[in-house]
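This is what each chain is made of:
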Amino acid sequence: MALIVSAQSVSPQDIGDRRVGLEKELAGLESQIDDLRSQISDKQQESASFERDIALLDVQIKKAQLEIRARNISIKNMVASIGEKSAQIDGLLLKVDREKKSLSEILRRLDELDHISLIETLLGGDDLSEFFSELDNIGTLQQAMHESITLLRETKSITENEI
C-alpha cells in the first residue's frame, strides 16, 4: 500500500514531530550500534584470551613432553648403568669364587703338610734337598694364601664400593 502525501496536507508541526521521532529513532539505533560495537570488542578480547590460553596450554604440553623425554633418557642411562654394575659385580663374584677355591686348595695342602712332622719329612726324604724343597713349598703356599686373602679383601672392598 502506498502512501501518498501531498505537500499541502503536512503541517510544519508534523514535520517537526516527525523529525523529533526520527532523531529519537536514530539515537536509539546509534545506542544499539554502540552496544553491538562493545559486544564485538568484548568478543574479540575473549577470542584473544582463548587464543592466549590455548597457546599457553600448547607450550605447557610441549614442556611436559620434553620433561617426559628427559626422564626417559635418564631412565635409560640408569638401566645401562645398572647393567654395567651388574656385569662388574658378576665378574667380581667369579673372582671371589676362584680365590675361595684357590684358598681352600692352599689350606688343604698346608693341612696335609702340617700333619707330617719335621722329623718325618727329614727321615722320609731321600736327600736333604727334598726336605728344603718341601720347606720352600710350604713357604710358597703360605705366600699364595696371604696373596689370596689380600685379593679377597680388595675384591670385597671394590664390590662394596660398587654397590
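As the structure is a computational prediction, the values presented were derived from the model and not from experiment.

The subject of this paragraph is the overall build of the protein chain. Within the protein chain, the regular secondary structure consists of 3 helices and 0 strands. Listed N to C, the secondary structure of the protein chain is α-α-α in terms of helices and strands. Within the protein chain, the fraction of its 163 residues that count as buried is 9%. Of the accessible surface of the protein chain, which amounts to about 13,800 Å², a share of 58% is contributed by carbon and sulfur atoms.

Turning to the pattern of salt bridges, a few remarks are in order. Applying the stated rule across the entire model yields 4 salt bridges. In this structure, Arg37 and Asp34 form a salt bridge, with 3.6 Å as the shortest nitrogen-oxygen distance. One end of the pair is Arg37 and the other is Asp34, both in helix 1 (residues 12-115) and 3 residues apart, which spans about a single turn. Arg37 sits in the exposed class, given a relative accessible area of 56%.

Our next topic: the side chain of Ser148. Relative to the assigned elements, Ser148 resides in helix 3 (residues 128-162). A polar atom in the side chain of Ser148 sits 2.8 Å from the side chain of Glu99. Here Ser148 is in contact with Glu99 and Leu103, once residues within four sequence places are set aside.

Now for the side chain of Glu99. Relative to the assigned elements, Glu99 resides in helix 1. One buried charged residue, Glu99, remains without a salt bridge, the closest side chain of opposite sign being Arg98 at 5.7 Å. Sequence-distant contacts of Glu99, that is, excluding residues within four places in its chain, are made with Ser148, Leu151 and Leu152.

Glancing now at helix 1. With 104 residues, helix 1 ought to run about 154 Å at 1.5 Å a step, and its terminal C-alpha atoms sit 151 Å apart, in line with that. The complete set of buried residues in helix 1 reads Leu92, Val96, Glu99, Leu103, Ile106, Leu110 and Leu113.

The rules behind these values
- Residues numbered from 1 in each chain as written.
- Predicted model: local features only at pLDDT ≥ 70, side-chain atom pairs only at ≥ 80, totals over all residues.
- Heavy atoms only, no water.
- Helix = DSSP H or I, 4+ residues; strand = E, 2+ residues; numbered from the N terminus.
- Buried < 20%, exposed > 50% of the residue type's maximum accessible area, 1.4 Å probe, protein only.
- Areas by Shrake-Rupley, 256 points an atom, 1.4 Å probe, with all protein chains shown as cover.
- Salt bridge = Lys/Arg side-chain N within 4 Å of Asp/Glu carboxyl O.
- Polar contact = N/O pair within 3.5 Å; in protein donor to acceptor, adjacent residues only side chain to side chain.
- Contact = heavy atoms within 4.5 Å.
- Lys, Arg positive; Asp, Glu negative; His and termini not counted.
- Expected span 1.5 Å × (residues − 1).

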